Amino acid sequence: MLYEVKALRGREGPTAFTLDALDASDAASQAVAQGYTVIAIKAKQSWQAWHRPRKAVFPLVLFSQELLALLDAGLALVEALETLAEKEQRPEVKKTLMQIVACLYEGHPLSYALQHSAANFPPLYVASVRASEKSGALPEALTRYIAYQSQMDGVRRQVVSASIYPVLLAVVGCLVAMFLMLYVVPRFSHIYADIGGELPFMSRLLMHWGSFIGDHGGVILGGTAVFFGTLGYAATRPSFRQWLTGRLWQLPTIGARLHLYQLARFYRSLGMLLRGGMPVVKALDMVSGLLQLSLRGQLALAAASIREGQPISYSMERYGLTTPVALRMLRVGERSGRMGDMMERIATFYEEETARWVERFTKLFEPLLMTFIGLLIGGIVVLMYFPIFELAGSIQ
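> Where do I start with the pairing of strand S1 (residues 2-8) in this structure?
The two faces of the sheet receive side chains in turn, since in a regular strand these alternate between them. Of the two faces of S1, the one lined by Tyr3, Val5 and Ala7 is fully buried and the one lined by Leu2, Glu4, Lys6 and Leu8 carries no buried residue. For S1 and strand S3 (residues 37-43), the ladder comprises six bridges, and the chain directions are antiparallel. When the sheet's bridge partners are listed, Leu8 is paired in S3 with Thr37.

> What is the right way to read the packing of aromatic side chains from this model?
Aromatic rings in a pair are described by how distant their centres are and how their planes are angled relative to each other. Throughout the structure, instances matching the rule amount to 11 aromatic pairs. Look at Phe58 and Phe121: their rings are 5.0 Å apart centre to centre, the planes differ by 65 degrees, and that puts the pair in the edge-to-face class. Pair noted here: Phe58 is in the loop between S3 and helix H2 (60-72) and Phe121 is in the loop between helix H5 (110-115) and helix H6 (123-135), with a separation of 63 residues, a long-range link. In terms of burial, Phe58 and Phe121 fall into one category: buried. Ring geometry for Phe361 versus Phe365: centroids 5.5 Å apart, planes at 10 degrees, classification stacked. One end of the pair, Phe361, and the other, Phe365, are both in helix H16 (residues 339-395), four residues apart, so they sit about a helical turn from each other. By the ring-pair criterion, three or more aromatic residues cluster together here, those being Phe58, Phe63, Phe121, Tyr125 and Tyr145.

> Would you mind going over the packing of helix H10 (residues 238-250) against helix H11 (residues 252-275) with me for this structure?
Between two packed helices, both the angle of their axes relative to each other and the distance between the axes serve to describe the pair. Packing of H10 against H11 leaves a shortest axis separation of 5 Å and a crossing angle of 110 degrees. It follows that H10 is roughly perpendicular to H11 by the angle criterion. Touching Leu248, Trp249 and Gln250 of H10 are Pro252, Ile254, Gly255, Leu258, His259 and Gln262, all from H11.

> Would you take a moment to explain the side chain of Gln262 for this structure?
Summarising the element assignment, Gln262 is placed in helix H11. Setting aside residues no more than four positions away along its own chain, Gln262 makes contact with Trp249, Leu290, Leu291, Gln292 and Leu295.

> Before we go on, may I ask you to explain the side chain of Thr322 in this structure?
Within the element layout of this structure, Thr322 appears in the loop between helix H14 (312-318) and helix H15 (324-336). For Thr322, a relative accessible area of 14% corresponds to the buried category. Separated by 3.2 Å, the side chain of Thr322 and the backbone nitrogen of Leu327 make a polar contact. Leaving out residues up to four positions away in the same chain, Thr322 has contacts with Leu263, Tyr267, Met316, Glu317, Leu327, Leu330 and Tyr350.

> What is the right way to read the pattern of salt bridges from this model?
This structure, assessed with the given rule, holds nine salt bridges. Across the pair Glu317 and Arg331 runs a salt bridge, and its minimum N-O distance is 3.7 Å. You can see Glu317 sitting in helix H14 and its partner Arg331 sitting in helix H15, a full 14 residues away along the chain. Taking relative accessible area as the criterion, Arg331 reaches 38% and is therefore assigned partly exposed. Taking the shortest distance from any N to any O, the salt bridge between Arg338 and Asp341 comes out at 3.2 Å. A cluster of three or more residues bridged by salt bridges with shared partners is formed by Arg275, Arg338, Asp341 and Glu344.

> What is the right way to look at helix H3 (residues 77-87) in this model?
Given 3.6 residues to a turn, an α-helix orients residues that are three or four positions apart in the same direction. Buried within H3 are the following residues: Ala80, Leu81, Leu84 and Ala85. Buried residues of H3, viewed axially, fall in a sector of 135 degrees; they line one side.

> Got a minute to help me understand H15 in this structure?
Relative to the 18 Å expected for 13 residues at 1.5 Å per residue, H15 spans 19 Å between its end C-alpha atoms, a close match to the ideal helical length. For H15, the full list of buried residues reads Ala326, Leu327, Met329, Leu330 and Gly333. Viewed along the axis of H15, the buried residues span an arc of 165 degrees, placing them on a single side of the element. Relative to its buried face, H15 has exposed residues pointing more than 90 degrees away, namely Pro324, Arg328 and Arg335. Note on H15: the residue one or two positions beyond its end, Gly337, has a positive phi of about 75 degrees.

> Would you take a moment to explain the packing of helix H12 (residues 280-287) against helix H13 (residues 293-307) for this structure?
At a closest axis distance of 10 Å, the pairing of H12 and H13 adopts a crossing angle of 170 degrees. Considered as vectors, H12 and H13 are oriented roughly antiparallel to each other. For the pair formed by H12 and H13, the contact residues are Val280, Val281, Leu284 and Asp285 on the first element and Leu299, Ala303, Ile306 and Arg307 on the second. Looking at the contact of H12 with H13 residue by residue, the class counts come to six nonpolar, no polar and two charged.

> In this structure, what is going on with the environment of Leu376? I would like to understand it.
Looking at the element boundaries, Leu376 is found in helix H16. Residue class for Leu376 comes out partly exposed when judged on its relative accessible area of 39%. Distance from Leu376 to Cys174, taken between C-alpha atoms, is 9.6 Å for residues 202 residues apart in sequence.

> I would appreciate a short explanation of the nonpolar core in the present structure.
Nonpolar side chains tend toward joint burial in soluble globular proteins. Grouped together as the largest cluster of nonpolar side chains are 68 residues, with contacts concentrated most on Phe63, Phe121, Tyr125, Phe266, Tyr267, Leu270 and Met316. Residue contacts for Leu270: discarding those within four places in its chain leaves Ala283, Leu284, Val287, Met316 and Met343. Counting 13 residues, the second largest nonpolar core, distinct from the first, contains Leu180, Leu206, Leu369 and Ile373.

> I tried to follow a nonpolar patch on the surface on my own but got confused; where do I start?
Taken together, the side chains of Trp243, Leu244, Leu248, Leu251 and Ile254 present a nonpolar region at the surface, about 420 Å² in accessible area. For the nonpolar patch, the leading source of residues is H10, giving three residues. Within the secondary structure, Leu244 is located in helix H10.

Conventions and cut-offs
Residues numbered from 1 in each chain as written. Predicted model: local features only at pLDDT ≥ 70, side-chain atom pairs only at ≥ 80, totals over all residues. Heavy atoms only, no water. Buried < 20%, exposed > 50% of the residue type's maximum accessible area, 1.4 Å probe, protein only. Helix = DSSP H or I, 4+ residues; strand = E, 2+ residues; numbered from the N terminus. Pairing = 2+ DSSP bridges. Phe/Tyr/Trp six-rings, centres within 6.5 Å; stacked < 30°, edge-to-face > 60°. Axes fitted to C-alpha atoms, helices over the stretch in contact; angles between N-to-C directions. Parallel < 35°, antiparallel > 145°, perpendicular 65-115°, else oblique. Contact = heavy atoms within 4.5 Å. Polar contact = N/O pair within 3.5 Å; in protein donor to acceptor, adjacent residues only side chain to side chain. Salt bridge = Lys/Arg side-chain N within 4 Å of Asp/Glu carboxyl O. Arc of directions from axis to C-beta. Expected span 1.5 Å × (residues − 1). Nonpolar A, V, L, I, M, F, W, Y, C, P; charged D, E, K, R; others polar. Core = buried A, V, L, I, M, F, W, Y, C linked by side-chain atoms within 4.5 Å. Patch = residues over 30% accessible without salt bridge, like charges linked within 9 Å, V, L, I, M, F, W, Y side chains within 5 Å. Areas by Shrake-Rupley, 256 points an atom, 1.4 Å probe, with all protein chains shown as cover.

Here is the structure:
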């Protein structure tokens, strides 16, 4: 972002210049480094001032992969982080890495440096690193997190890729139907009004709609734009997204699949923390934020039950955080002492089941959507041309 700086240097008079900086403090630091005494700093206004650029997202997976490669090559932690900072070209990422290095030089552990950095590292990542510091197994923790994030991104990509074609088909179909209803039908209505004669009932309704659109087209277009603009703004609000998620959870089939997806995230995150050596009660508190609000209360009750000495499988079953298959796998994990591995297997089972359901749903939904759009557009076209067909038949 550009900042206008007013400053003094030596015997020079007051001067003004522009700096490209992350924030006002960064601009002041750059000016001081050049020998100036800063008088005032303000953000430079432009025709794009209304647009607030989004904060750059720290590339966590790439950072973990590069850090793991350097640690496996034999570099010390501070040397590896300094190497990553030196080769980094993006100012925001470079600044974050330098902050972490400075914090390590002050004697703080890596988990503390990550937690207090400007990049807002996920609590799960920080907790996994903190657990590895007790055993000195940071490369193993990084490997587990990379695998965890790869699995979660894979499920998300499957869902997104499966929904692209139906969404595109629905948008194109709606645009074609709106073009017919807002542009073509009004012109046909004027033609039939000039010709006169009796029209079929459905054609009359369509023509009345066309006349109404022709008389109030500006108002309808404005109302449509306001509606979609309001809908787009509401989609950016957390309260609306939370309300919409709650409505989806109430749908029988979709709600059950969302429940399984939530459990998959929950068990994979919990398994990663348990494999890293974190106690189960503390790990449960750490992953509670991944669950829907309705499930967090159940998780709190399950955690209290485990704290009282009850088995994990019993507590999860009692408060609705498992399925029959997952319950058996949890009991196996309790007997074998490999609860972390078993929870990750449960997550894999849920993710594969979710992926199969998404594939079946899209295979069924796509032809149904195509049929509906075809009938809608075809019906509009037939109703427009039906009087012409009748006229041609009477002439013959």
